[in-house]
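# A look at the structure
Given next are the chains, with one letter for each unit.
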Amino acid sequence: MSETQWMSLVALLMVAVLVVPAALRRNRGVVLRNTALWLALIVALVWIYDRFGPFGN
């Protein structure tokens with residue numbers, strides 16, 4: 001991995017550390033549903049970036 005990719009990964013983890021605990025605390029009753037929705041959103045964004053981003057084939 002290049003330095004840029006490592007920095008992007010670190011930034012994503014930092015955002016996750018800030019957002020995830022607050023989201024879990026706020027929505028205790030629907031945590032599983034929200035987790036599945038966020039995971040699907042992240043997977044879709046990664047796929048779109050991989051497909052149409054600057055590193056696409």
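Every value quoted in this text rests on a predicted model; they were computed, and no experiment measured them. (Residues numbered from 1 in each chain as written. Predicted model: local features only at pLDDT ≥ 70, side-chain atom pairs only at ≥ 80, totals over all residues. Heavy atoms only, no water.)

Along the protein chain, the regular secondary structure elements total 2 helices and 0 strands. Taken over 57 residues, the protein chain has a buried fraction of 4%. Total accessible area on the protein chain is roughly 5500 Å²; 72% of this is exposed by carbon and sulfur atoms. (Helix = DSSP H or I, 4+ residues; strand = E, 2+ residues; numbered from the N terminus. Buried < 20%, exposed > 50% of the residue type's maximum accessible area, 1.4 Å probe, protein only. Areas by Shrake-Rupley, 256 points an atom, 1.4 Å probe, with all protein chains shown as cover.)

A full pass over the atoms with the stated rule returns 1 aromatic pair. Where W47 meets F52, the ring centres are 6.3 Å apart and the plane angle is 85°; that geometry is what we call edge-to-face. F52 sits in the exposed class, given a relative accessible area of 62%. (Phe/Tyr/Trp six-rings, centres within 6.5 Å; stacked < 30°, edge-to-face > 60°.)

Mapped onto the elements, V20 comes out in helix α1 (residues 3-26). For V20, a relative accessible area of 42% translates into the label partly exposed. Between the C-alpha atom of V20 and that of T35, which follows or precedes it by 15 residues, the distance is 9.3 Å.

For the α-helix, the turn length of 3.6 residues means that residues three or four positions removed from each other point alike. Between its first and last C-alpha atoms helix α2 (residues 31-52) spans 31 Å; for 22 residues at 1.5 Å apiece the expected length is 32 Å, and the two agree. Within α2, only 1 of the 22 residues are buried, which leaves it mostly out in the open. (Expected span 1.5 Å × (residues − 1).)

Looking now at α1. Helix length check: α1, at 24 residues, gives a terminal C-alpha distance of 35 Å against a target of 34 Å (1.5 Å per residue), a fit within 8%. Where α1 bends most, the angle comes to about 25°, and this point is A16. (Bend = angle between axes of the 7 residues up to and from the residue.)

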